[in-house]
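Remarks on the overall topology
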Amino acid sequence: MRSKHNLRRLVLTIVTVLFIGYTLLFVPTGYLLVRPGSAEDLAGFVTVEEGDKDHDGRFYLVTVMQQDASPLLLVYGLVNPIIDLQLQRQVVPPHMDPEEFRDLMEQWMQESQNLASTIALRRLGFDVPVESDGVQVVEIGEDSPAQDILEPEDIILAVDEREVYLAEELVSEVQSRPVGEPVRLRIKRDSQMMDVSIPTTNHTDQPEKAAIRVFVQTLNWQPRLPRDVTIDVGQIGGPSAGLMFVLEIINQLDPRDLTAGRQIAGTGTINLEEEVGSIGGVRQKVRASENAGAEYFFVPQENYEEAAMAVRHIELVPVETLGEALQFLEGLQE
C-alpha cells in the first residue's frame, strides 16, 4: 500500500512540475518580447546599376526580433534593460491576422526602398519624378481617434491642405504637431471628396509623438528611376532602414568609399525632404550593432537619449537630416 501511495505522489509531482513548466514556457501572455536582432551588410541586399560594391568599409541594416512572451519570458523582459515588452494588440490590430500584418510591413519596406532610391539618386543630381494614387487606410485601431471618422479603403490625399503621395509623408505630417492637436485630412471615399478633422493621440511605441493610430499604405507608387536599384531584404519589414538604404545606394555610385573603411550601422526613416525620423526599438538596434562589431551608429536625434542607455562602446552619431549624415562621413575621409 505504501508503495502505491508513493507512486501516486510521484506521478502527481511529475504532472504538477510538467504543468507548471508548460505554463511558464508556452502559455501566451498577450505581450511580445522585443530583443536585439541582427546587423546585416547592406551590400548583400542592395545592387545599383553601374554601382561598385568593392569597399573596405560597410553600412549595416539593423533589425529587432519579436516573439510571443510566455510568463517566463515576460519576467525576463521585465528585468532586462535591453528588452522591451509590447502588448500584442497594440502592435497587430485585433481585426488583422499576423499574415496580413506581415504583408503590410513588407509593403512599408518596399515603399522605404523606393523612397531611398529616389532620395539617393536625386542627391546625386538625377531627375526622379514621384507620383501615386494617394495613401489608403488599411485598418483603424480599436483605440484610434479616427474611429467613426475614417473607414478602411479611404484614400488620404492631403494633410492640412498639403498633398501627400506616400504613407511616410502622412506619418511625418501627423508627428510634426503636438500630441492632442487635430489634423485635417482631405479624403476620397468611393467617388466623394470630403474634409475631416481628427484629434491626435500618443503614438503606441513613442508616447511623445502624435498619432491617429491607423494603418496605411501608399497606392500605386513607383518612381521612374534613371538607374536600376534592386533591394532584396527577404522577410525584413518596416520603414526604419530608409536612411541606411540611401547611404548604401549613394556609396555604390560615389567613386569614394563613403565609409572610409569603417563599419557603420544605423537606423531611421527618411522622407522626400531628407529628414531623418525616429523609430522604435532603438536600444535593441544599438546592442545588435555592437554585437556585430560596428564602430559607429547613426541614430535619429529624437532617439538619441534612449539609444545612449544601451551603449557600451559604439559611438552614436545623432542626425536629423541626410545632409548631417553625409557631413559626418565626409569627416571620416580626412
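Residue positions are counted from 1 within each chain, in the order its sequence is given. Whole-chain, interface and lining totals are the exception, using all residues; otherwise, since this is a predicted model, local features are given only for residues with pLDDT of at least 70 and side-chain atom pairs are given and counted only at 80 or more. In computing side-chain properties, one takes all heavy atoms of the structure into account and sets aside hydrogens as well as water.

Numbering goes from the N terminus for both helices and strands, where a helix is a DSSP run of H or I of at least four residues and a strand is a run of E of at least two. Counting secondary structure elements, the chain contains nine helices and 18 strands. Its C-alpha atoms give the chain principal-axis dimensions of roughly 90 × 55 × 35 Å. When a residue's accessible area, from a 1.4 Å probe over protein chains only, is under 20% of the maximum for its type it is buried; when over 50% it is exposed; and in between it is partly exposed. Among the 334 residues that make up the chain, the fraction classed as buried is 47%. In what follows, a contact means two residues having at least one pair of non-hydrogen atoms within 4.5 Å. Taking all contacts inside the chain whose residues are at least 6 apart in sequence as the whole, residues at least 24 apart take part in 71%. Only the protein chains shown count as cover for residues, and the accessible areas themselves come from Shrake-Rupley with a 1.4 Å probe. Total accessible area on the chain stands at roughly 17,000 Å², and carbon and sulfur atoms take up 49% of it. Treating the 27 positive side-chain charges of the chain as one cloud and the 54 negative ones as another, the clouds have centres 11 Å apart. The charge count includes Lys and Arg as positive and Asp and Glu as negative, but it does not include His or the ends of the chains. Charge positions are represented by NZ for Lys, CZ for Arg, CG for Asp and CD for Glu.

On to the domain arrangement of the chain. Domain annotation for the chain reports domain 1 (36-64 + 97-128 + 225-332) and domain 2 (130-222). A separation of 25 Å is found between the C-alpha centroids of domain 1 and domain 2. Contacts between the two partners involve 21 residues from domain 1 and, on the opposite side, 17 residues from domain 2. When domain 1 packs against domain 2, the two sides together hide about 1,500 Å² of surface, and 52% of this comes from carbon and sulfur. Think of a salt bridge as a Lys or Arg side-chain nitrogen and an Asp or Glu carboxyl oxygen that are within 4 Å of each other. Residues K209 and E302 are paired through a salt bridge, measuring 2.2 Å at the closest nitrogen-oxygen approach. Among the elements that line the side of domain 1 that touches domain 2, the one with the most residues is helix 4 (residues 98-123), at nine residues. Residues are sorted three ways: Asp, Glu, Lys and Arg are charged, Ala, Val, Leu, Ile, Met, Phe, Trp, Tyr, Cys and Pro are nonpolar, and all the rest, Gly among them, are polar. The class makeup of the residues in the side of domain 1 that touches domain 2 is nine nonpolar, eight polar and four charged. Segmentation into domains, and thus their bounds, comes from an automatic or database assignment. Summed over both partners, the accessible area (1.4 Å probe) lost when two parts come together is defined as the buried area.

Turning our eyes to something else, we now look at the packing of helix 4 against helix 5 (residues 167-175). Here an axis means a line fitted to C-alpha atoms, over the contact stretch when the element is a helix, while the angle between two N-to-C directions is reported on a 0 to 180 degree scale. Two elements in contact, helix 4 and helix 5, have axes whose closest approach is 10 Å; the angle formed by their N-to-C orientations is 90°. Considered as vectors, helix 4 and helix 5 are oriented roughly perpendicular to each other. From helix 4, W108, E111 and L115 reach across to helix 5, where they touch A167, E168 and V171. Considered class by class, the residues forming the contact of helix 4 with helix 5 number four nonpolar, no polar and two charged. Convention used here: angles under 35 degrees read as roughly parallel, angles over 145 as roughly antiparallel, angles from 65 to 115 as roughly perpendicular, and any remaining angle as oblique.

Once that is clear, we can look at the pattern of salt bridges. Any two side chains of opposite charge can pair, given that their charged atoms come close. In the structure shown here, the tally under the stated rule is 21 salt bridges. Taking the shortest distance from any N to any O, the salt bridge between E306 and R283 comes out at 3.3 Å. Note that E306 is positioned in helix 8 (residues 304-308) and R283 in helix 7 (residues 282-291), a separation of 23 residues in sequence. Residues joined by salt bridges that share partners form a network here, namely D160, E161, R177, E181 and R184.

A residue's pLDDT is the confidence the predictor assigns to it, expressed on a 0 to 100 scale. Predicted confidence across the chain gives a mean pLDDT of 86, with 92% of residues reaching 70 or more. At the level of individual helices and strands, the chain shows its lowest average pLDDT in helix 1 (residues 2-26), which scores 67, and its highest in strand 18 (residues 315-319), which scores 98.

Time to look at the packing of aromatic side chains. A pair of Phe, Tyr and Trp rings is counted when the ring centres sit within 6.5 Å of each other, with Trp represented by its six-membered ring. The angle between the planes then sorts it: under 30 degrees is stacked, over 60 is edge-to-face, the rest tilted. Here the structure, examined in full by the defined rule, presents two aromatic pairs. Taking 5.2 Å as the distance between ring centres and 70° as the angle between the ring planes, the aromatic pair formed by Y296 and F328 counts as edge-to-face. In this pair, Y296 sits in strand 17 (residues 296-300) while F328 sits in helix 9 (residues 322-332), placing the two residues 32 residues apart along the sequence. Both residues of the pair, Y296 and F328, belong to the buried class. Among the aromatic residues, those joined into a ring-pair cluster are Y296, F298 and F328.

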